[in-house]
Amino acid sequence: MTMRRAASLFLTLLFLATTLPVFAQESDSPGSDDDSGPLESDWSVVQTPMYNRGDQIFGISLGIILPLFFVGDSGTLDNNVSLGGTGTLSYDYFFSSRFAVGGEISGMFSSTLGENMLYIVPIGIRATYQFTLYSFEFPLTLAAGVAPQKYLDRGYFGMYIKPSAGVFWRFNSDWSFGLNTTWWYVPQWTSNKEENVHGNFLTITVGARYHF
């Protein structure tokens, strides 16, 4: 009986010695609940802003300008201005990922019913708030400044205000292309209030922007 007990004890110890390391390895496997396992970083959820402070844009746009209506002190005036053409050169400097300030110079020409030409050259400053979605950019801009005007032998030096909205597709790191719509408010104030005119135009343009 002594030899049997000794043999049984020996086999039991041998079994424990061979099985305990296996359980120890399973408890240390990466799939266990032990917090000491390797950490996984998920950088895919981190998005880098498309714009940063100091980024700049040079833009050019060309399109058409439609005279909407003209208002005087007595009410809406007859519209004798036809469809014309317009273009703009602009510059923007970003102070944050969404806000930029810059300047612009525009030009327009349009003929009248009498086949005479009206010219307006707005020059001013602009502020832009822009948000992005994937490769698309949506700038909202408000510009204001001076607007020299010429019609026949008469000239006028006034002001203008231009709110605009656009959508651009970022082609690569340097260029984006898109469309822009702008409301031109161009008043003419004179010493005779009865001759004051508030001109309202709408432009639709295609544009390219160079980013640097």
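Heads up: the structure comes first, above all this text.
What counts, and where the lines are drawn
- Residues numbered from 1 in each chain as written.
- Predicted model: local features only at pLDDT ≥ 70, side-chain atom pairs only at ≥ 80, totals over all residues.
- Heavy atoms only, no water.
- Salt bridge = Lys/Arg side-chain N within 4 Å of Asp/Glu carboxyl O.
- Helix = DSSP H or I, 4+ residues; strand = E, 2+ residues; numbered from the N terminus.
- Buried < 20%, exposed > 50% of the residue type's maximum accessible area, 1.4 Å probe, protein only.
- Pairing = 2+ DSSP bridges.
- Phe/Tyr/Trp six-rings, centres within 6.5 Å; stacked < 30°, edge-to-face > 60°.
- Core = buried A, V, L, I, M, F, W, Y, C linked by side-chain atoms within 4.5 Å.
- Contact = heavy atoms within 4.5 Å.

A. Structural context of the pattern of salt bridges. Scanning all chains against the criterion turns up five salt bridges. With a shortest N-O distance of 3.0 Å, R126 and D92 are connected by a salt bridge. On the criterion of sequence distance, the pair formed by R126 in strand β6 (residues 123–133) and D92 in strand β3 (residues 81–94) is long-range, its members being 34 residues apart. Between R209 and E137 there is a salt bridge whose closest N-O contact spans 2.3 Å.

B. The pairing of strand β4 (residues 99–112), seen in detail. Judged by which residues are buried, β4 turns out to be one-sided: A100, G102, E104, S106, M108, S110 and T112 face inward and are buried, whereas F99, V101, G103, I105, G107, F109 and S111, on the alternate face, are not. Here β3 runs beside β4; their pairing, made up of twelve bridges, is antiparallel. Its bridge partner lying in β4, D92 is registered against G102. Counting the residues between successive antiparallel strands, the hairpin from β3 to β4 contains four residues. Examined bridge by bridge, β4 and strand β5 (residues 117–120) share four bridges and lie antiparallel to one another. Residue M108 lies in a different strand from β5, and its bridge partner there is I120. Counting the residues that bridge the hairpin from β4 to β5 gives four residues, and of these E115 lies at a positive phi of roughly 60°.

C. Layout of the packing of aromatic side chains. Taken as a whole and judged by the stated rule, the model has ten aromatic pairs. Relative to F212, the ring of Y210 lies with its centre 5.7 Å away and its plane at 20°, an arrangement referred to as stacked. Given a relative accessible area of 32%, Y210 falls into the partly exposed group. Here F212 falls in the partly exposed class, since its relative accessible area comes to 43%.

D. Structural context of the nonpolar core. Judged by nonpolar contacts, the single largest core of 13 residues is most densely connected at M108, I120, W184, V186 and F201. Among the secondary structure elements, those contributing two or more residues to this core are β1 (56–72), β5, β7 (136–151), β9 (175–188) and β10 (197–211). Setting aside its immediate chain neighbours within four residues, V186 contacts I120, Q149, M159, Y160, V197, H198, G199 and F201.

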